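As a plain string of letters, each chain reads:
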Amino acid sequence: MDKLLGEVDPQIVEIVANDLTRQQNSLMLIPSENYASRAVMETQASILANKYAEGYPGERYYNGCEFMDEVESLAIERAKALFGVEHVNVQPHAGSQANMAVYHALLEPGDTILGMSLSQGGHLTHGANVNFSGNFYNIAAYGVDAETERIDMEEIACLAEQHRPRLIVVGATAYPRHFDFAAWRQVADAVGAYLLADIAHIAGLIAGGVHPDPVPYADVITTTTHKTLRGPRGAMIMCKAEYADKIDRAVFPGLQGGPFLHTIAARAVAFKEASDPDFKRYQAQIVKNAKALAARLTENGFRLVSGGTDNHLMLIDLTTKYEKLSGRQAADHLEDAGIIVNKNTIPFDKRKPRTTSGLRIGTPMITTRGMAEDEMILVADFITETLENRQKAAIKRQIREKVKELCAQFPIYDFLSY
């Protein structure tokens, strides 16, 4: 019981140490990832991980939950204050389960959902046919305009009138522009639909005041608690008070058993961090960095989907610069140079999802490290130089050393050693 990890499992220690080195020496540009703080990680590793606490504060199915009630209540109150919402459920283990719970609470199998197509920037749970959402519900999909590569609200209104959905999902995993939640509310009201805002990617931007706020308009809001919110991996559901009982019953006992109280406690810590003025400055810098990175990539000859970004991410269309280079190949070449991105479909992509014609790039992690606009110029140039010389291993090794030197100026987790 009292042995350290190094004594119990040296193999795991080695793996963790290796990934710490990888994270320290790489430019991490996947927009759905971030670095949790030392306080958040410390909480996740606390003794709260030992406790089962099925149910909700004051209504547990296990004894010994006095302090579990305090932790969960604190997380709820902090989340309510941070986002200005009436009700919060902090128990969902992941964003997919949060969306599933909302559907379970408000819909019947076979009801119609209007959600963003996966191939156009949506999430699996917004109606993909390989996902539960596409199997249990009737899905009407929307996408972006072929010319502007932006959501056309007139087209959304037409689709809603045509399909009369019971629920409309507004949100995305690969859409670089703002959402006009007021316009979405008008569409939902016109057809008598619930409006669900899935803000998993942009929750931190919303809390930081640099993205339009869905709270006045959405019936229910789901989000993960990592990504731009910079907390532990997990999720939560926010809603109007009138839906609170349905949402809570859908999460427990509908879809989950015991909540992860150590993670809920870590979320409470993250919510407190997000209430600090520094968090607002951090979110503003994420957007500044994204715009600077997008501008330099454009200068370097890349075409960005929709022409740029309003948020934390951008999509590179590789077809106009490198016709035969797939997103998968490009991501692998960049990893050789210490630059971590992910392949991603672009709107109306002719390649398959496992191959893709695009790259999805985001700035949350490098902003957490302290990088600013000047560093974005370097990052864009590293990306460009790598892809221009993708068949030249020696040049990619040279770029990797430059990346390592840049990363050394902005260290992460200097308190960790293995």
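Computed from a predicted model, the values in this text were never measured in an experiment.

Visitor: Which parts of the structure should I look at to understand the packing of aromatic side chains?
Guide: Between two aromatic rings, the relevant description is the distance of the centres plus the angle of the planes. Under the counting rule described, the total for this entry stands at 13 aromatic pairs. For the pair Y103 and F132, a centre-to-centre distance of 6.0 Å together with 45° between the ring planes defines the contact as tilted. One end of the pair, Y103, is in helix 5 (residues 95-106); the other, F132, is in helix 6 (residues 132-136), with 29 residues separating them in the sequence. Among the residues examined, Y103 registers a relative accessible area of 0% and is labelled buried.

Visitor: Honestly, unusual backbone geometry in this entry has me stumped. Any pointers?
Guide: Leaving glycine out, the prevailing phi sign among residues is negative, and the prevailing peptide bond configuration is trans. With an omega of 10°, the peptide bond running from F252 to P253 counts as cis. For F348, which is not glycine, the phi torsion reads 60° and is therefore positive. Examined against the element boundaries, F348 turns out to sit in the loop between strand 14 (342-344) and strand 15 (358-362).

Visitor: Looking at this model, I keep getting lost on the pairing of strand 12 (residues 313-317). Mind explaining?
Guide: Moving residue by residue along a regular strand, the side chains alternate between the two faces of the sheet. Counted residue by residue, strand 12 has 5 buried out of 5 residues, so it is predominantly covered. The two faces of strand 12 match: L313, L315 and D317 on one face and M314 and I316 on the other face are all buried. Judged from the 2 bridges that link them, strand 11 (residues 303-304) and strand 12 form a sheet pairing that is antiparallel. Each bridged residue has a counterpart across the sheet, and for L304 the counterpart in strand 12 is I316. Bridge analysis of strand 12 against strand 15 gives 5 bridges, and the strand direction is antiparallel. Considered in strand 15, the bridge of M314 is made with I361.

Visitor: Is there a simple way to explain the sheet that holds strand 7 (residues 167-171) in this structure?
Guide: Adjacent strands of a sheet pair through backbone hydrogen bonds, lying either parallel or antiparallel. Taking strand neighbours across the sheet as the criterion, the 7 strands line up as 4-10-9-8-7-5-6 in an open arrangement whose pairing is mixed. Two strands close off the open sheet at either side, each with one partner strand: strand 4 (87-89) and strand 6 (138-142). This sheet shows a mean twist of 20° between the axes of neighbouring strands, independent of strand direction. Sheet analysis places strand 9 (residues 220-224) next to strand 10 (residues 235-239), joined by 5 bridges and oriented antiparallel. Pairing of T223 across the sheet is with M236, part of strand 10. Docked against the sheet, helix 8 (residues 181-191) engages strand 6, strand 7 and strand 8 (194-198), running at close to 170° with respect to strand 7. Here helix 10 (residues 244-255) sits on the sheet and contacts strand 4, strand 8, strand 9 and strand 10; the angle it forms with strand 4, its principal contact strand, is near 0°.

Visitor: Just to check I follow, could you spell out the environment of L205 for this structure?
Guide: When you line up the elements, L205 lands in helix 9 (residues 203-207). Setting aside residues up to four positions removed in sequence, L205 forms contacts with V210, H211, T228, Q283, I286, V287, N311 and H312.

Visitor: Please explain the layout of surface pockets as it appears in this structure.
Guide: Over the atoms, a rolling probe the size of a water molecule traces out where space has been left empty. Of the pockets and cavities examined, the largest pocket occupies roughly 950 Å³. In terms of lining, the largest pocket is formed by 42 residues, of which the most central are L118, G122, H123, L124 and T173. Residues belonging to the lining of the largest pocket are distributed by class as follows: 9 nonpolar, 24 polar and 9 charged. Each pocket or cavity is described by its volume, and for the second largest pocket that value is around 690 Å³. Taken together, 26 residues make up the lining of the second largest pocket; nearest its centre are Q23, A36, M41, Q44 and Y413. Secondary-structure elements contributing two or more residues to the lining of the second largest pocket are helix 2 (10-25) and helix 3 (38-44). Top contributing element to the lining of the second largest pocket by residue count: helix 2, with 5 residues. Split into classes, the residues belonging to the lining of the second largest pocket amount to 13 nonpolar, 6 polar and 7 charged.

About the criteria used
- Residues numbered from 1 in each chain as written.
- Predicted model: local features only at pLDDT ≥ 70, side-chain atom pairs only at ≥ 80, totals over all residues.
- Heavy atoms only, no water.
- Phe/Tyr/Trp six-rings, centres within 6.5 Å; stacked < 30°, edge-to-face > 60°.
- Helix = DSSP H or I, 4+ residues; strand = E, 2+ residues; numbered from the N terminus.
- Buried < 20%, exposed > 50% of the residue type's maximum accessible area, 1.4 Å probe, protein only.
- Pairing = 2+ DSSP bridges.
- Axes fitted to C-alpha atoms, helices over the stretch in contact; angles between N-to-C directions.
- Contact = heavy atoms within 4.5 Å.
- 1 Å grid on protein atoms, 1.4 Å probe; cavity = no way out; pocket = protein on both sides within 12 Å on 5 of 7 lines; lining within 4 Å.
- Points joined across faces, edges and corners; volume = space filled by probe spheres on them.
- Nonpolar A, V, L, I, M, F, W, Y, C, P; charged D, E, K, R; others polar.

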